[in-house]
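Architecture at a glance
Chain residues, written in single-letter form:
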Amino acid sequence: MITSVQAGITAVGYIDWAVRDFHGYDTQRGSTYNSYLLQFEKTALVDTVKEPFATDLLMNLVRAGVAPEAVDYVIVNHAEPDHSGALPALLPLLPNATVVCNKKTQEILGAYYNTAKWRFQLVKTGDTLSLGVGRTLQFIEMPMVHWPDSMATYLQEEQILFSNDAFGQHYATSRRFDDENDLPTLLFEAKSYYANIVNPYSKRVAAVLAGLANVPMKVICPSHGVIWRSHIAEILEAYQGWAAQRVQPKVTILFDSMWHRTEKMVSAIQEGVASVPGVVLEVLPVRAATLNQLATAAIDTACFALGSSTLNQQMMPQMAAAICYLQGLNFPGRAAFSFGSHGWGKGGPELLSAKIAEMRWTETQAPIVAKYEPTAEILTQCTQAGQALAEKALELAAK
Ligand code: FEO
């Protein structure tokens, strides 16, 4: 399917209705790999699609009425295979196309593919490329949003930003514009995308947003999800908050439990959190939650209670996976404590406490540990710790 963005600009990428695993995390609404065809005096294709969908992209070029030999430029904003995978199949069919990218992208493309026969034109921030009278592309490098090579392309006269990964969503829909969709759903998907993809690079995102402050944008065409044309202020404001790691007065309890004893401690912690007005509580038993849900919950969480029973002197394996994922995504400045029950050997809560230190979170108190069955005294400790954590969440959210 193709979609006209406006005169001379057509979305020719691929809507991936089926994908539920995007390089390791779940995408319950699928995704899209957006590619944009710019037909002016010169013809340019901005980004491509995953390798299995190269033929679909080619068919969409035909549907848009462009002959393969008419394509003058393929602009590669980012070398990650969801956007570059189609290039080896596509470029031999576009005999007059020059690949336009930055030096870092060229290096990465050269590592992935045999690029010996590709014609390159290297660009850097501030460089421009004319597509004819009154149509000028300008390049804006955005390293680490999401890879070292990431770049955006700006069509100056039309004030359209082809933003690549930035402002994207994993959201398969035939309604390709923001104003054709439910805005809270879109912003939730954009948040989920940010948490799982861009969050580790939030400082870079903040710098890019500052750089874009004086760039007028009528349309943002990302490489995933819908095109922003009516809610640009909303998505920019949301990015400002995520990039600044702005948190809500929210406590999230992540836990896994073998014989429901750690789960009893969760109930007591909940009581403590709920006793503090104005604090939102989210409870995620990690065996019932996906990695995507964990990351999406984490991005606006001020404080965490991390619970695990002890299994073979370790934390529960799915709790370890959850913490590994969150640690990699880097949610700085949070506060937390750990808890859990054990039998004859310790491990779960103590290892979680060590993870809190590794993530440089504030540890609000020593691990709360129950032997086999949490006593009334331990449960009271849990409630008190939950209350103190909720109060800390209010403090962090007010910063
Ligand atoms: Fe959608 Fe970083 O690639």
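Residues numbered from 1 in each chain as written. Predicted model: local features only at pLDDT ≥ 70, side-chain atom pairs only at ≥ 80, totals over all residues. Heavy atoms only, no water.

Summing up its helical and strand segments, the protein has 12 helices and 24 strands in all. C-alpha atoms of the protein, sized along the principal axes, occupy 75 × 40 × 35 Å. Residue burial in the protein is summarised as follows: out of 399 residues, 57% are buried. Long-range pairs, those at least 24 residues apart, make up 72% of the contacts in the protein with a sequence separation of at least 6. Distance between charge centroids for the protein: 3 Å, based on 30 positive and 37 negative side chains. (Helix = DSSP H or I, 4+ residues; strand = E, 2+ residues; numbered from the N terminus. Buried < 20%, exposed > 50% of the residue type's maximum accessible area, 1.4 Å probe, protein only. Contact = heavy atoms within 4.5 Å. Lys, Arg positive; Asp, Glu negative; His and termini not counted. Charge placed at Lys NZ, Arg CZ, Asp CG, Glu CD.)

Take the sheet that holds strand 16 (residues 219-222) next. Spatially, five strands are ordered 12-13-14-15-16 in an open sheet, and the strand pairing comes out mixed. Across the chains shown, the open sheet's two edge strands, defined by having one partner strand only, are strand 12 (128-130) and strand 16. The average angle at which neighbouring strand axes cross in this sheet is 20 degrees, direction not considered. Two strands pair when backbone bridges link them, and strand 12 and strand 13 (residues 136-141) are joined in this way by three bridges, in the antiparallel orientation. (Pairing = 2+ DSSP bridges. Axes fitted to C-alpha atoms, helices over the stretch in contact; angles between N-to-C directions.)

Let's shift gears to the nonpolar core. Ranked by internal contacts, the top residues of the largest apolar core, which has 87 residues, are Val74, Phe167, Trp228, Tyr239, Leu254, Leu306 and Met319. In terms of residues, this core owes the most to one element, helix 5 (residues 183-198), which gives eight residues. When near neighbours in sequence (up to four residues on either side) are disregarded, phenylalanine 167 contacts Leu161, Leu209, Leu212, Ile220, Pro222, Trp228, Ile235, Leu236 and Tyr239. (Core = buried A, V, L, I, M, F, W, Y, C linked by side-chain atoms within 4.5 Å.)

Moving on: helix 4 (residues 103-112). Turning to helix 4, its buried residues are Thr105, Ile108 and Leu109. Burial along helix 4 is one-sided: seen end-on, the buried residues are contained in an arc of 100 degrees. Residues of helix 4 that are exposed and point more than 90 degrees away from the buried face comprise Lys103 and Ala111. Of the surrounding elements, those touching the buried residues of helix 4 are helix 2 (81-84), helix 3 (87-90), strand 10 (98-101) and strand 11 (120-122). (Arc of directions from axis to C-beta.)

Between helix 10 (residues 317-329) and helix 11 (residues 348-358), whose axes approach to 11 Å, the crossing angle comes to 5 degrees. In terms of axis orientation, helix 10 runs roughly parallel to helix 11. Note on element contacts: helix 11 touches helix 10 through Leu352, Lys355 and Glu358, opposite Met319, Ile323 and Gln327. Counted by class, the contact of helix 10 with helix 11 contains three nonpolar, one polar and two charged residues. (Parallel < 35°, antiparallel > 145°, perpendicular 65-115°, else oblique. Nonpolar A, V, L, I, M, F, W, Y, C, P; charged D, E, K, R; others polar.)

Before going further, it helps to spend a moment on the sheet that holds strand 2 (residues 9-11). Strand order in this open sheet of seven strands is 1-2-7-8-9-10-11, and the pairing throughout is mixed. The open sheet is flanked by strand 1 (3-6) and strand 11, the only strands paired with a single partner. Across the sheet, the mean angle separating the axes of adjacent strands is 25 degrees when strand polarity is ignored.

Position of threonine 310 among the secondary structure elements: in strand 20 (residues 310-311). For threonine 310, a relative accessible area of 11% puts it in the buried group. Separated by 3.4 Å, the side chain of threonine 310 and the backbone nitrogen of glycine 347 make a polar contact. In contact with threonine 310, not counting residues within four places along its chain, are Met258, Ser341, His342, Gly345, Lys346, Gly347, Gly348 and Pro349. (Polar contact = N/O pair within 3.5 Å; in protein donor to acceptor, adjacent residues only side chain to side chain.)

In this section: the pattern of salt bridges. Side chains that differ in sign of charge can pair as their charged atoms come close. Following the criterion strictly, the structure yields 14 salt bridges and no others. With a shortest N-O distance of 3.1 Å, lysine 250 and glutamate 282 are connected by a salt bridge. In this pair, lysine 250 is assigned in strand 17 (residues 250-256) and glutamate 282 in strand 18 (residues 280-285), connecting sequence segments 32 residues apart. A salt bridge links glutamate 373 to arginine 261; its shortest N-O distance comes to 2.6 Å. Remark: arginine 261 occurs in helix 8 (residues 261-274) and glutamate 373 occurs in the loop between strand 24 (368-371) and helix 12 (376-397); sequence separation between them is 112 residues. The partly exposed category is assigned to glutamate 373, whose relative accessible area is 31%. (Salt bridge = Lys/Arg side-chain N within 4 Å of Asp/Glu carboxyl O.)

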